[in-house]
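# Breakdown of the fold
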Amino acid sequence: MTPVTWASLRGLRQVTCRAKYRGGVLSPNVVVIGGGLAGSEAAWQAAQRGARVDLFEMRPARMTPAHRTDRLAELVCSNSLGSNLPNRALGLLKNELRRLGSLAIACADATSLPAGDALAVGREAFSQAVTAAVQEHPRIDVIREEVLRLPDGVVAVVATGPLTSAALAEDIERLAGQGYLSFFDAMAPVVTADSIDMEVAFKASRYHWHRGEPVRPQANVSADYINCPLSCDEYYAFVEAIKAAEKAHLREFEQDDARRYFEACLPIEVLAARSPDALAFGPMRPVGLRDPRTGRRPFAVVQLRQDDLSGALYNIVGFQTNLRWAEQRRVLRMIPGLQHAEFVRLGQMHRNTFINSPKLLGPTMQWCTRDSLLFAGQLTGTEGYVGSIAGGLLAGLNAARITQGLAPVAFPPTTMIGALMHYITHAEPGSFQPMKANLGLLPDLGLPIRDKQKRQDALVARALADLEAAICASGLAPGGSDRPAPPCNH
């Protein structure tokens, strides 16, 4: 078989790259495949550090089962990037990414919505901001075409996500010499705000916790969620309706793996089938909430979170589902407050794919047998939006460093970004599953700190200090050109 080179791949496209680079025709020295969170971040980081980047995105010429638009960094599931609290795993990871000059986190901060301690974004505004920044960058060319094979002869970042197209997936599999692991992910429905019955539903947030004690939000503060309360009878009737509802038909290629769901994003019908009480102890738990009509805690509650900047749309939190759409309308309208809900998006389920990163990648995101090939995002097993951004950032900055003859970097495992990348590249290959950022990935402090809050604070302080040391030692300029390391006092 004739080796596939970057030149031949460009020949297959039968187009000439638009030359934004200094007004002349120059070949890219970094190729990024995939315009999601990881790919957009990787392209931005590489370009900020002086590389000329071709960013390939196959939409809108070829859509995926989950995407609806042609915008870069489109969010297809929740609109929340998780906790912003500095002593939580996602809060720490976002602060590390801010320090490293992340484009996606900057856009998320600029388009944030009220969501208590979480960072939620206006879905359309966020993707528009990322798209504009990437398209306007003088060293990035966005090419709307599908890449069918891995490029050779050029530094490349593969960030095609969990819905990688069949042709490229086959080429990756040929390179890997082994099969993929697959699981299923499901999206939650979105309703219009004015179709929610606020005579029944109410605004409030669950308790947040401080030093191990629940803290009730003050009046009119942190009431960022709409809550639909259910009595005991209403709850169990709802569960039975879910169990009896007809599920959507899986495509043929998905049917063999239909039981391999990712535990952190289970469809409501899977939870309901496990136990009648599973939803009440999961996404419908009523802890910290009082129904203002009764003054008592509901037996269960369905929460909705603002999904756009104008507040016109709300998504049903934790209600990923693969019920048939007609069944979703019928069953979800059994929820008090949603009797007349108008759905702008109904839930659906799709197969996600990820590579066996512990066998195939190093902590710099480089392929084990090809230093010029890097991977990033959910395809590597970093679960969640912020994890995808983190992988894209690391792959992008390392791609630029490789083109400049600099050594690629891996962040210390005492940082959250380093711990997450270390996990996905050092876990047991035979049982590898996607992983979200969590403080349990960080090495032990080596000190007997019994107070949980103080222990978390110490882990965070160490992570941020070690990140600064790594930035200094590697000469990393956050969001800009790398340069020789200055003298450091660490």
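Given the structure is predicted, the values throughout are model-derived calculations rather than measurements. All chains use their own residue numbering, which begins from 1 and follows the written sequence. In keeping with the predicted nature of the model, local features appear solely for residues at pLDDT of at least 70, side-chain atom pairs appear and are counted solely at 80 or more, and the whole-chain, interface and lining totals rest on all residues. Each side-chain value is worked out from all heavy atoms of the structure, with water and hydrogens disregarded.

What follows deals with helix α7 (residues 232-244). Between its first and last C-alpha atoms α7 spans 19 Å; for 13 residues at 1.5 Å apiece the expected length is 18 Å, and the two agree. Remark: exposure states derive from per-residue accessible area (1.4 Å probe, protein chains only) relative to the maximum for the residue type, with buried under 20%, exposed over 50%, and partly exposed in between. Only DSSP runs of H or I covering at least 4 residues are called helices, and only runs of E covering at least 2 are called strands; the numbering of each starts at the N terminus. Tyr235, Phe238, Val239, Ala241 and Ile242 are the residues of α7 that are buried. The buried residues of α7 all sit within an arc of 160° when viewed along its axis, so they share a single face. For α7, exposure combined with an orientation more than 90 degrees from the buried face picks out Asp233 and Ala244. Contacts were defined at the residue level, with two residues in contact if any of their heavy atoms lie within 4.5 Å. In this fold, the buried residues of α7 make contact with β13 (225-230), α9 (268-274), β14 (300-306) and α10 (325-332). A helix's residues, less one, multiplied by 1.5 Å, set its expected span. The arc in question is traced by the directions running from the helix axis to the C-beta atoms.

What makes two strands pair is DSSP finding at least two bridges between them. Reading across the sheet, the 6 strands line up as β6-β2-β1-β7-β19-β18 and stay open at both edges, with mixed pairing between neighbours. Looking at the sheet topology across the chains shown, the edges are occupied by β6 (140-143) and β18 (366-367). The pairing of strand β7 (residues 155-158) with strand β19 (residues 370-375) spans 3 bridges and is parallel. In the sheet register, Ala156 faces β19, and the bridge partner there is Leu373. The strands that helix α12 (residues 385-403) touches are β1 (30-33), β7, β18 and β19; relative to β19, the one it contacts most, it runs at about 155°. Every axis corresponds to a line fitted to the C-alpha atoms, with the helix fit spanning only the stretch in contact, and the corresponding angles, defined between N-to-C directions, vary from 0 to 180 degrees.

Counting 79 residues, the largest nonpolar core has Val53, Leu81, Leu93, Leu97, Phe126, Phe411 and Ile417 as the members making the most contacts within it. It is α12 that contributes the most residues to this core, 10 residues altogether. Other than its neighbours up to four places away in sequence, Leu97 contacts Ser102, Ile105, Val386, Ile389, Ala390, Leu393 and Ile417. Residues Tyr235, Val302, Leu323 and Phe343 belong to the second largest nonpolar core, which totals 35 residues. In plain words, nonpolar cores are sets of buried Ala, Val, Leu, Ile, Met, Phe, Trp, Tyr and Cys residues tied together by side-chain atoms within 4.5 Å.

Now for the sheet that holds strand β4 (residues 112-113). Pairing between sheet strands relies on hydrogen bonds along the backbone, with the strands arranged either parallel or antiparallel. Strand order across the open sheet formed by 3 strands is β3-β5-β4, with antiparallel pairing between neighbours. At either end of the open sheet lies a strand with only one pairing partner, and these are β3 (80-83) and β4. Pairing of β3 with strand β5 (residues 118-121) involves 2 bridges; the strand directions are antiparallel. When the bridges of β5 are listed, Ser80 appears paired with Ala120. Those strands touched by helix α3 (residues 89-99) are β3 and β5, and its axis lies near 115° from that of β3.

With that out of the way, let us pick up the confidence of the model for the chain. The score called pLDDT rates the predictor's confidence residue by residue, from a low of 0 to a high of 100. Predicted confidence across the chain gives a mean pLDDT of 87, with 86% of residues reaching 70 or more. In this model residues 1-25 is a low-confidence stretch, pLDDT under 50, and it forms 45 contacts with partners more than four residues away in sequence or in other chains. Contacts for the low-pLDDT stretch residues 217-222, under 50 throughout, to residues beyond four places or in other chains number 5 contacts.

Think of it this way: a Phe, Tyr or Trp ring, Trp meaning its six-membered ring, pairs with another when their centres are within 6.5 Å, and the plane angle makes it stacked under 30 degrees, edge-to-face over 60, tilted otherwise. Going through the model one piece at a time under the given rule, you end up with 6 aromatic pairs. Residues Tyr236 and Phe299 carry aromatic rings whose centres are separated by 5.7 Å and whose planes lie at 50° to one another, so their mutual orientation is tilted. Note that Tyr236 is positioned in helix α7 and Phe299 in the loop between α9 and β14, a separation of 63 residues in sequence. Taking relative accessible area as the criterion, Tyr236 reaches 29% and is therefore assigned partly exposed. Where Trp367 meets Phe375, the ring centres are 5.0 Å apart and the plane angle is 35°; that geometry is what we call tilted. Residues Trp367 and Phe375 agree in their burial class; the two are buried. Within the aromatic cluster, the residues linked to one another by ring pairs are Tyr235, Tyr236 and Phe299.

Structurally, Asn398 is set in helix α12. Using a relative accessible area of 0% as the deciding quantity, one classes Asn398 as buried. If sequence neighbours within four positions are ignored, Asn398 has contacts with Thr364, Leu374, Pro408 and Val409.

Cis peptide bonds are those with omega within 30 degrees of zero, and the linkage from Arg59 to Pro60 qualifies with 5°. The phi angle at Met365 is positive, at roughly 75°, despite the residue not being glycine. Mapped onto the fold, Met365 is located in the loop between α11 (357-360) and β18.

Packed helices, taken two at a time, are described by their axes: the angle between them and the distance between them. Two numbers describe how α12 lies on helix α13 (residues 416-426): the axes approach to 10 Å, and their chain directions differ by 90°. As summarised for this structure, α12 and α13 are arranged roughly perpendicular, according to the angle between their axes. For the pair α12 and α13, contact is made by Gly387, Ala390, Gly391, Leu393 and Leu394 and by Ile417, Leu420 and Met421, respectively. Amino acid classes used here: Ala, Val, Leu, Ile, Met, Phe, Trp, Tyr, Cys and Pro are nonpolar; Asp, Glu, Lys and Arg are charged; the rest, including Gly, are polar. A class-by-class count of the residues in the contact of α12 with α13 yields 6 nonpolar, 2 polar and no charged. Each angle receives one of four descriptions, namely roughly parallel if under 35 degrees, roughly antiparallel if over 145, roughly perpendicular if within 65 to 115, and oblique otherwise.

Moving on, we get to the environment of Val32. Position of Val32 relative to the elements: it lies in strand β1. With a relative accessible area of 0%, Val32 lands in the buried category. For the pair Val32 and Ala156, spaced 124 residues apart in the sequence, the C-alpha separation amounts to 5.7 Å. In this structure Val32 touches Gly39, Ala42, Ala43, Val53, Asp54, Leu55, Phe56 and Val157, once residues within four positions along its chain are discounted.

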